[in-house]
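Listed below are the residues making up each chain.
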Amino acid sequence: MQYQTIPQYVEAVQYQGVPPDSNGEALWNETPDWLVEAMTSQVGEPRKIFVDGNCNANVQTAEGVLLAEPGDYVVLLPGSLGVQARESFEAQYQAPPEKPEAE
């Protein structure tokens, strides 16, 4: 018998690295509120995402700190964050079709 995975929607952003002239400012393909919150220090808690001197995004996940290299995706999971390589993410997920605008 064959089985198919159930469609699952996730929120994710692609880390695009740190341009040389950006004063260490990381680039993402978009910046949703959850990403801004993860990159901001909370009182008494460290940031969940920070960029190191090698231009890797260090992401605090349920498994510990994982590195996101330019091109990798940071995925919002229930209760934590995850990191997935571009090839793996793009093989597993696709953007949902755009909804037609109401007339």
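Nothing here was measured: the structure is a model prediction, and the numbers come from that model.

About the criteria used
Residues numbered from 1 in each chain as written. Predicted model: local features only at pLDDT ≥ 70, side-chain atom pairs only at ≥ 80, totals over all residues. Heavy atoms only, no water. Helix = DSSP H or I, 4+ residues; strand = E, 2+ residues; numbered from the N terminus. Buried < 20%, exposed > 50% of the residue type's maximum accessible area, 1.4 Å probe, protein only. Contact = heavy atoms within 4.5 Å. Lys, Arg positive; Asp, Glu negative; His and termini not counted. Charge placed at Lys NZ, Arg CZ, Asp CG, Glu CD. Pairing = 2+ DSSP bridges. Core = buried A, V, L, I, M, F, W, Y, C linked by side-chain atoms within 4.5 Å. Axes fitted to C-alpha atoms, helices over the stretch in contact; angles between N-to-C directions.

1. Here we look at the overall build of the protein
Inference 1: Secondary structure assignment for the protein yields two helices and seven strands.
Inference 2: Its helices and strands taken in sequence order, the protein reads β-β-α-β-β-β-β-β-α from the N to the C terminus.
Inference 3: When the backbone C-alpha atoms are referred to their principal axes, the protein occupies close to 50 × 40 × 30 Å.
Inference 4: Per-residue burial for the protein yields a buried fraction of 29% across its 103 residues.
Inference 5: A separation of at least 24 residues holds for 32% of the contacts in the protein among residues at least 6 apart in sequence.
Inference 6: Within the protein, one finds 4 positive and 16 negative side-chain charges whose respective centroids are separated by 4 Å.

2. Here's the deal with the sheet that holds strand E6 (residues 73-77)
Whenever strands of a sheet pair, they do so through backbone hydrogen bonds, lying parallel or antiparallel.
Inference 1: If you walk across this open sheet you meet the four strands as E2-E1-E6-E7, and the pairing is antiparallel. Only two strands of the sheet have a single partner each, and these edge strands are strand E2 (27-28) and strand E7 (80-84).

3. A word on the nonpolar core
Inference 1: If you look at the biggest cluster of nonpolar residues, it comprises 13 residues, and the most contacted ones within it are Trp 28, Ile 49 and Val 74.
Inference 2: Mapped onto this core, the elements with two or more residues apiece are strand E1 (11-17), helix H1 (33-38) and strand E4 (57-61).
Inference 3: Of the residues forming this core, the biggest block, three residues, is contributed by H1.
Inference 4: For Ile 49, the contacting residues outside a window of four places in its chain are Trp 28, Leu 35, Ala 38, Met 39, Ala 57, Asn 58, Val 59, Val 74 and Leu 81.
Inference 5: The next biggest cluster of nonpolar side chains, apart from the first, holds five residues, and it includes Ala 12, Val 75, Phe 89 and Tyr 93.

4. Some remarks on the pairing of E1
Inference 1: For E1, a buried count of five out of seven residues is recorded, marking the element as mostly surrounded by other parts of the structure.
Inference 2: Pairing geometry for E1 and E6, over four bridges, is antiparallel. Residue pairing in the sheet places Val 13 in a bridge with Val 74 of E6.
Inference 3: Summarising the sheet, E1 and E2 pair through two bridges and their orientation is antiparallel. The partner of Gly 17 across the bridge, within E2, is Leu 27.

5. Quick word on the sheet that holds E4
Inference 1: One open sheet accounts for three strands, arranged E3-E4-E5; its pairing is antiparallel. Strand pairing shows two members of the sheet lacking a second neighbour, strand E3 (49-51) and strand E5 (64-68), which therefore form its edges. Pairs of neighbouring strands in the sheet enclose a mean axial angle of 25°, with direction left out of account.

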